[in-house]
Amino acid sequence: MHISTKEIEVRYAETDQMGVVYHSNYLVWMELGRTQLIEDLGFNYASMEKEGVISPVIDIQASYKHPVRYGEKALVKTWIDEYDGLRVVYGYEIFNGSGELALTGSSRHVCVKKDSFRPISIKRSYPDWHAAYMSAKAQPQSAKG
């Protein structure tokens, strides 16, 4: 499994009055982590968009554990948790400046034609991406018995 990392310098504008990162900014950081993962695998999301294909979020989950504060650097770890040739689920962990786990999360995506929002098969339309995702995704946990 390939895990990408992205360091984020916490900006004042991302925090609330207590100096703690406002909850919605973690979703932006998840996107930055996802973009880093795609680049690490040798691809560019913008090139897919130029071809009229987009990958909207169809579900998102975030569990907040510890705060990240102004002046810290956050570390975003991103990986492919599930992938079936059509849908992809990215997994995330975000750590605060003390190394504490600040957030766990996931986002589910599907690729669609921009003009019609009709789903497309990544496997058929982008075989290189498909191969890279199959190689990089998390391996299923073995059943305990």
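What you see is a predicted model; the values in this text were computed from it and never measured.

**Looking at the nonpolar core**
Core analysis: the largest hydrophobic core is formed by 31 residues, its most contacted members being Trp29, Val68, Ile80, Tyr90, Ile94, Trp129 and Tyr133. Listing elements by their share of this core, those giving two or more residues are helix H1 (23–40), strand E4 (73–83), strand E5 (87–95), strand E6 (101–110) and helix H4 (127–136). Per element, the largest residue contribution to this core is five residues, and it comes from H1. Beyond its immediate chain neighbours, meaning those up to four positions away, tryptophan 129 contacts Ile38, Phe43, Asn44, Tyr45, Met48 and Ile122.

**Here's the deal with the environment of phenylalanine 117**
As for its placement among the helices and strands, phenylalanine 117 is situated in the loop between strand E7 (112–113) and helix H3 (122–125). Placed 63 residues apart in sequence, phenylalanine 117 and isoleucine 54 show a C-alpha to C-alpha distance of 8.5 Å. Leave out the neighbours within four places in its chain, and phenylalanine 117 touches Ile54, Pro56 and Val112.

**What to know about the packing of aromatic side chains**
Centre distance and the angle of the planes are the two values used to describe a pair of aromatic rings. The tally for this structure, following the rule as stated, stands at eight aromatic pairs. Centroid distance tyrosine 12 to tyrosine 70: 5.3 Å. Interplanar angle 85°. Geometry classified as edge-to-face. One end of the pair, tyrosine 12, is in the loop between strand E1 (4–9) and H1; the other, tyrosine 70, is in the loop between strand E3 (57–64) and E4, with 58 residues separating them in the sequence. Assessed through its relative accessible area of 61%, tyrosine 12 is described here as exposed. Residue class for tyrosine 70 comes out partly exposed when judged on its relative accessible area of 47%. Between the aromatic rings of phenylalanine 43 and tryptophan 129, the centroid separation amounts to 4.9 Å while the plane-to-plane angle is 50°, which identifies the pairing as tilted. Here tryptophan 129 lies in helix H4 and phenylalanine 43 lies in the loop between H1 and helix H2 (45–50), a separation of 86 residues in the sequence.

**Comments concerning the pairing of E4**
Sheet topology places E1 next to E4; six bridges connect them, and they run antiparallel. Its bridge partner being in E4, glutamate 9 is matched across the sheet by lysine 73. Both E4 and E5 contribute to a ladder of eight bridges, which runs antiparallel. Of the residues in E5, the one forming a bridge with glutamate 82 is valine 89.

**Looking at the environment of lysine 6**
Mapped onto the elements, lysine 6 comes out in strand E1. Setting aside residues up to four positions removed in sequence, lysine 6 forms contacts with Leu32, Gln36, Ala74, Leu75 and Val76.

**Looking at H4**
All buried positions along H4 are accounted for by Trp129, His130, Ala132, Tyr133 and Ala136. The buried residues of H4 occupy an angular sector of 170° when the element is viewed end-on, so they sit on one face. The outward face of H4, more than 90 degrees from its buried face, is lined by the exposed residues Asp128 and Ser135. Close packing links the buried residues of H4 with H1, H2, E4, E5 and H3.

**Some details on the pairing of E5**
Most of E5 is tucked away, with seven of its nine residues classed as buried. Joining the antiparallel neighbours E4 and E5 is a turn of three residues, in which glycine 85 adopts a positive phi near 95°. Here nine bridges tie E5 to E6, and the two strands are oriented antiparallel to one another. In the sheet register, phenylalanine 95 faces E6, and the bridge partner there is leucine 101. Once E5 ends, the chain turns through five residues before running back antiparallel as E6, passing glycine 99 with a positive phi of about 85°.

Conventions adopted
Residues numbered from 1 in each chain as written. Predicted model: local features only at pLDDT ≥ 70, side-chain atom pairs only at ≥ 80, totals over all residues. Heavy atoms only, no water. Core = buried A, V, L, I, M, F, W, Y, C linked by side-chain atoms within 4.5 Å. Buried < 20%, exposed > 50% of the residue type's maximum accessible area, 1.4 Å probe, protein only. Helix = DSSP H or I, 4+ residues; strand = E, 2+ residues; numbered from the N terminus. Contact = heavy atoms within 4.5 Å. Phe/Tyr/Trp six-rings, centres within 6.5 Å; stacked < 30°, edge-to-face > 60°. Pairing = 2+ DSSP bridges. Arc of directions from axis to C-beta.

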